[in-house]
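Structural description and commentary
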Amino acid sequence: MKAITITEPGGPEVLTWTDVPDPVPGSGEILIDVAASAVNRADVLQRQGFYDPPPGTSPYPGLECSGHVAALGEGVRGWEVGQPVCALLSGGGYAEKVNVPAGQVLPVPEGVSVTDAAALPEVTATVWSNLFMDGGNATRSNVFMVAHLRPGETLLVHGGSSGIGTMAIQLAKAVGARVAVTAGSPQKLAECAALGADILIDYREQDFVEELAKATDGAGADVILDIVGAKYLDRNVKALAVNGRLAIIGLQGGAKGELNLGALLTKRAAVTATSLRGRPLAEKAAIIAAVREHVWPLIAEGVVRPVVDRTVPMEDAAEAHRVLESSTHIGKVLLVAPGA
């Protein structure tokens, strides 16, 4: 088979479409004939040499894919060869075939094409595991789901036009939350509004702390979903409401910042940070099961949909990386495998 390999850390030009050994499914795994994968910021970091895949996983980039079941490993039940599926991966999506633990595989949702389904696993798993718990009710049973966004609360999403952001807007609105977003252009903000965002903040022209205070009569955000990290840490804490929760899922603005513990104490607020790729298999399987139970019906009903900016041939992954790094896209950039 062919896959995108990284010849050495560097720019998009180090991504090479080349022959690699065919994967064979092990016990508990499903082999997928890949139709499409999606480009994520983690793929860019891996290409640059800053984010190695977990030990024992595929060395090729790609944290999600869609396609058809090609073969079942020993002990796998409930799936059929030829069935259209999508999957959350630890790596390997930029390839014609990939092995996936069965607990990380999902059926393609009703009403979604096999190609567009590649836009769903990573964003739905990330958003659901960070923002929600059993449809909004917090329990102790799955403490890795951290923010417990509830109906009527205000959510602030940084990067509202990103893949994560477009999904967070839709899911938050579906459970009855009020949604504020930051984005870097009127066009991006208009797209966020079309998805249901209530409060639109152009971070290039406006201070999100001030704008959020105006829109909430000074209350602030009950939950903030942050992809920026250190650069926004102090202002995020200022923007939190009393009993607010800040969920950090990215470090695009740096990894080290100063945290005002006094402000946290005053607001009785919480700061959490999570990643998805390196979680134990059991946690990933639990998240995927929750996504299938709570998110897949919303997609089938047309309440939530994948947002795809464009598709690019998989062998041209370098061009897709350039698009992502330019931040001109809205939603997901997909890589389509040859013949898909």
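Note that the coordinates shown come from a computational prediction; the quantities given were computed from them, not determined experimentally.

**Regarding the overall build of the protein chain**
In terms of regular secondary structure, the protein chain is built from ten helices and 15 strands. Against the 2.2 N^0.38 benchmark of 20 Å for 340 residues, the protein chain shows a C-alpha radius of gyration of 19 Å, consistent with a compact globule. Oriented by its inertia axes, the alpha-carbon framework of the protein chain measures out at about 55 × 40 × 35 Å. Classification of the 340 residues of the protein chain by burial places 55% in the buried group. In the protein chain, the proportion of contacts linking residues at least 24 apart, taken out of those at least 6 apart, comes to 66%. Taken as a whole, the protein chain presents about 13900 Å² of accessible surface, with 51% of it coming from carbon and sulfur. Across the protein chain, 27 positive and 37 negative side-chain charges occur, with their mean positions spaced 6 Å apart.

**Quick look at the packing of aromatic side chains**
Under the counting rule described, the total for this entry stands at two aromatic pairs. For the ring pair Phe 208 and Tyr 232, a centre distance of 5.0 Å and an interplane angle of 50° mean the geometry is tilted. Of this pair, Phe 208 sits in helix H5 (residues 208–215) while Tyr 232 sits in the loop between strand S11 (221–226) and helix H6 (233–239), and the two are 24 residues apart along the sequence. Residue classification places Tyr 232 among the buried positions, given a relative accessible area of 7%. Across from the ring centre of Tyr 51, 4.9 Å away, lies the NZ or CZ of Arg 277, which sits over that ring.

**Description of the packing of helix H2 (residues 121–131) against helix H8 (residues 281–294)**
Closest axis-to-axis distance for the H2/H8 pair is 9 Å, and the angle between their directions is 95°. Taken together, the axes of H2 and H8 lie roughly perpendicular to each other. Across the interface between the two elements, Thr 124, Ala 125, Trp 128 and Ser 129 from H2 touch Ile 287, Ile 288, Ala 290, Val 291 and His 294 from H8. A per-class count over the contact of H2 with H8 returns six nonpolar, three polar and no charged.

**Details of the state of the cysteines**
Going through the model one piece at a time under the given rule, you end up with zero disulfides. Not part of a disulfide, Cys 65 finds its nearest cysteine sulfur in Cys 86, a span of 8.0 Å.

**Brief notes about a nonpolar patch on the surface**
Taken together, Leu 259, Leu 261 and Val 271 make up a surface patch of nonpolar side chains, about 230 Å² in accessible area. For Leu 259, the position within the fold is in the loop between strand S12 (240–248) and helix H7 (261–267). Owing to a relative accessible area of 33%, Leu 259 belongs among the partly exposed residues under this scheme.

**Brief notes about the pattern of salt bridges**
Applying the stated criterion to the full structure yields 13 salt bridges. A salt bridge links Glu 325 to Arg 47, with the shortest nitrogen-to-oxygen separation between them at 3.1 Å. Of this pair, Glu 325 sits in helix H10 (residues 317–326) while Arg 47 sits in helix H1 (residues 41–48); the two residues are 278 residues apart in sequence, bridging distant segments of the chain. Look at Arg 47 and you get buried, because its relative accessible area is 2%. Here Arg 235 and Asp 207 are joined by a salt bridge, their closest N and O atoms 3.2 Å apart. With Arg 235 in helix H6 and Asp 207 in the loop between strand S10 (199–202) and H5, the pair connects residues that are 28 residues apart, well separated along the chain. According to the relative accessible area criterion, Asp 207 is partly exposed, its value standing at 23%. One continuous salt-bridge network, built from bridges that share partners, spans Glu 64, Glu 122 and Lys 332.

**Thoughts on the side chain of Glu 153**
Inspection of the secondary structure puts Glu 153 in the loop between H2 and strand S8 (154–158). A polar side-chain atom of Glu 153 sits 3.0 Å from the main-chain amide nitrogen of Arg 150. If near-sequence neighbours (up to four positions away) are discounted, Glu 153 is found in contact with His 148, Ala 177, Arg 178, Asp 222, Val 223 and Arg 245.

**A look at the confidence of the model for the protein chain**
Taken over all residues, the pLDDT of the protein chain has a mean of 94, while the share at 70 or more is 96%. Counted against residues more than four places away or in other chains, residues 134–143, with its pLDDT under 50, gives twelve contacts.

**Overview of the sheet that holds strand S9 (residues 178–183)**
Reading across the sheet, the six strands line up as S10-S9-S8-S11-S12-S13 and stay open at both edges, with parallel pairing between neighbours. Edge strands, defined here as strands with exactly one partner in the open sheet, are S10 and strand S13 (270–273). With strand direction ignored, the average angle separating the axes of adjacent strands in the sheet is 15°. As paired elements, S11 and S12 share five bridges and run parallel to each other. Following the sheet pairing, Asp 226 is matched in S12 by Ile 248. Of the strands in this sheet, S9 and S10 are in contact with helix H4 (residues 186–195), which crosses S10 at around 165°.

Rules used throughout
- Residues numbered from 1 in each chain as written.
- Predicted model: local features only at pLDDT ≥ 70, side-chain atom pairs only at ≥ 80, totals over all residues.
- Heavy atoms only, no water.
- Helix = DSSP H or I, 4+ residues; strand = E, 2+ residues; numbered from the N terminus.
- Rg over C-alpha atoms; globule rule 2.2 N^0.38 Å.
- Buried < 20%, exposed > 50% of the residue type's maximum accessible area, 1.4 Å probe, protein only.
- Contact = heavy atoms within 4.5 Å.
- Areas by Shrake-Rupley, 256 points an atom, 1.4 Å probe, with all protein chains shown as cover.
- Lys, Arg positive; Asp, Glu negative; His and termini not counted.
- Charge placed at Lys NZ, Arg CZ, Asp CG, Glu CD.
- Phe/Tyr/Trp six-rings, centres within 6.5 Å; stacked < 30°, edge-to-face > 60°.
- Lys NZ or Arg CZ within 6 Å of the ring centre and 35° of its normal.
- Axes fitted to C-alpha atoms, helices over the stretch in contact; angles between N-to-C directions.
- Parallel < 35°, antiparallel > 145°, perpendicular 65-115°, else oblique.
- Nonpolar A, V, L, I, M, F, W, Y, C, P; charged D, E, K, R; others polar.
- Disulfide = S-S within 2.5 Å.
- Patch = residues over 30% accessible without salt bridge, like charges linked within 9 Å, V, L, I, M, F, W, Y side chains within 5 Å.
- Salt bridge = Lys/Arg side-chain N within 4 Å of Asp/Glu carboxyl O.
- Polar contact = N/O pair within 3.5 Å; in protein donor to acceptor, adjacent residues only side chain to side chain.
- pLDDT = per-residue confidence, 0-100.
- Pairing = 2+ DSSP bridges.

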